[in-house]
Amino acid sequence: NAGVTQTPKFQVLKTGQSMTLQCAQDMNHEYMSWYRQDPGMGLRLIHYSVGAGITDQGEVPNGYNVSRSTTEDFPLRLLSAAPSQTSVYFCASSYSETQYFGPGTRLLVL
Amino acid sequence: GQQLNQSPQSMFIQEGEDVSMNCTSSSIFNTWLWYKQDPGEGPVLLIALYKAGELTSNGRLTAQFGITRKDSFLNISASIPSDVGIYFCAGQLFTGNQFYFGTGTSLTVIP
């Protein structure tokens, strides 16, 4: 099993550009989520999904969209990147309380 | 969102010393979790706690679910250099599926 994979590992964007952060898991987990990690603020939940076709907002959803067409994939879209979205993004999947995190995507918005 | 207060923010200790950190919340949680994050990696689950008062160990790590359900503690005994990293607490409410994370404790072990 590959676990949770994320691509790309690093990305530099200009303000206003759009992009999609990819996340995939091969553990057949129903629950998947996206977090952003900023210095001194821990991990904050952006969006989550309890199964294919179902998504919901977390603590900091503004500026981000998600969809869940399959159990395996949960992409995060930035429609118009802003410098405030410079962060490290983690995708996670879970069965019950145990969350498995991907390696992260480091995003810089100029 | 839920506020989890984690302390201390950072620790610098000598190899072999014991470490204690804690996490408190204004809300009652159903589940408490402790994660470790190595540099450049995602967090990895260390210990999960499900019942008030529960004390669970994982090797040199011991964590407790507070009686009030509003706090949790993590202890590391006889620290070694590979314990270096950021430790996060996380909690899950009785309602909903969301996990809420603390701000992290950065641990440095001096050989």
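Calculation notes
- Residues numbered from 1 in each chain as written.
- Chains lettered and ligands numbered in written order.
- Predicted model: local features only at pLDDT ≥ 70, side-chain atom pairs only at ≥ 80, totals over all residues.
- Heavy atoms only, no water.
- Helix = DSSP H or I, 4+ residues; strand = E, 2+ residues; numbered from the N terminus.
- Rg over C-alpha atoms; globule rule 2.2 N^0.38 Å.
- Buried < 20%, exposed > 50% of the residue type's maximum accessible area, 1.4 Å probe, protein only.
- Contact = heavy atoms within 4.5 Å.
- Areas by Shrake-Rupley, 256 points an atom, 1.4 Å probe, with all protein chains shown as cover.
- Lys, Arg positive; Asp, Glu negative; His and termini not counted.
- Charge placed at Lys NZ, Arg CZ, Asp CG, Glu CD.
- Disulfide = S-S within 2.5 Å.
- Polar contact = N/O pair within 3.5 Å; in protein donor to acceptor, adjacent residues only side chain to side chain.
- Pairing = 2+ DSSP bridges.
- Axes fitted to C-alpha atoms, helices over the stretch in contact; angles between N-to-C directions.
- Salt bridge = Lys/Arg side-chain N within 4 Å of Asp/Glu carboxyl O.

Participant: Where do I start with the overall build of chain A in this structure?
Facilitator: What chain A contains, in helices and strands, is zero helices and 11 strands. Secondary structure elements in chain A, listed N-terminal to C-terminal, are β-β-β-β-β-β-β-β-β-β-β. What you see for chain A is a C-alpha radius of gyration of 13 Å, in line with the 13 Å of a compact globule of 110 residues. Dimensions of chain A, computed from the C-alpha atoms along their principal axes, are close to 35 × 25 × 25 Å. Counting the 110 residues in chain A, one finds 49% classified as buried. Sequence separation of at least 24 residues holds for 52% of the intrachain contacts in chain A that already meet a minimum separation of 6. Of the roughly 5000 Å² of accessible surface on chain A, 52% is carried by carbon and sulfur atoms. Each charge class in chain A can be summarised by its mean position, and for the 7 positive and 8 negative side chains these summaries are 14 Å apart.

Participant: Help me out: how do you make sense of the state of the cysteines in this one?
Facilitator: Covalently bonding the sulfur atom of one cysteine to the sulfur atom of another cysteine gives a disulfide. With the rule as written, the count across this model stands at two disulfides over all chains. Linked covalently through their sulfurs, A:C23 and A:C91 form a disulfide whose S-S length is 1.8 Å. Between A:C23 and A:C91, the disulfide has an S-S torsion of -70° and is therefore left-handed. A residue pair is termed long-range when its members are at least 10 positions apart, and A:C23 in strand β3 (residues 19-25) and A:C91 in strand β9 (residues 87-95) qualify at 68 residues. Residue A:C23 is classed as buried on the basis of its relative accessible area of 2%. Using a relative accessible area of 0% as the deciding quantity, one classes A:C91 as buried. The side chain of B:C23 participates in a disulfide bridge whose partner is B:C89; the two sulfur atoms lie 1.8 Å from each other. Of the two residues, B:C23 is situated in strand β3 (residues 19-25) and B:C89 in strand β9 (residues 85-93); the sequence distance between them amounts to 66 residues. Given a relative accessible area of 0%, B:C23 falls into the buried group. For B:C89, a relative accessible area of 0% corresponds to the buried category.

Participant: Explain the side chain of B:K36 to me, please; I cannot follow it from the model alone.
Facilitator: All names here are of chain B. Looking at the element boundaries, K36 is found in strand β4 (residues 29-37). A distance of 3.1 Å separates polar atoms of two side chains, one belonging to K36 and the other to D38. If we ignore the near neighbours within four places in the chain, the residues touching K36 are G42, P43, V44, L46, S82, D83, V84, G85, I86 and Y87.

Participant: Looking at this model, I keep getting lost on the sheet that holds strand β8 (residues 71-76) of chain B. Mind explaining?
Facilitator: Either a parallel or an antiparallel arrangement is found when strands of a sheet pair, and the pairing is made through backbone hydrogen bonds. Residue and element names in this part refer to chain B. Spatially, five strands are ordered β1-β3-β8-β7-β6 in an open sheet, and the strand pairing comes out antiparallel. At either margin of the open sheet sits one strand with a lone partner, and together these are β1 (4-7) and β6 (55-58). When strand polarity is set aside, the average angle formed by the axes of neighbouring strands in this sheet is 15°. As judged from the four bridges shared by β1 and β3, these two strands associate in the antiparallel manner. Directly across from L4, in β3, lies its bridge partner S25.

Participant: How do you make sense of the pattern of salt bridges when you look at a structure like this?
Facilitator: Pairing between side chains becomes possible if they bear opposite charge and their charged atoms approach one another. Residues and elements named next belong to chain B. All chains considered together, the criterion is met by four salt bridges over all chains. A salt bridge links K36 to D38; its shortest N-O distance comes to 3.1 Å. Note on K36: relative accessible area 14%, which makes it buried. For D38, a relative accessible area of 33% translates into the label partly exposed. Across the salt bridge formed by D83 and R60, the nearest N and O atoms sit 2.8 Å from each other. Placement of the pair is D83 in the loop between β8 and β9 and R60 in the loop between β6 and β7 (61-65), with a sequence separation of 23 residues. Judged by its relative accessible area of 5%, D83 is buried.

Participant: What is the right way to look at the pairing of strand β6 (residues 54-57) of chain A in this model?
Facilitator: Regular strands place side chains that alternate from one sheet face to the opposite one. Residue and element names in this part refer to chain A. Summarising the sheet, strand β5 (residues 43-51) and β6 pair through three bridges and their orientation is antiparallel. Across the sheet, the residue bridging to G51 is I54, located in β6. Counted along the chain from β5 to the antiparallel partner β6, the turn is two residues long, and its residue G53 has a positive phi close to 85°.

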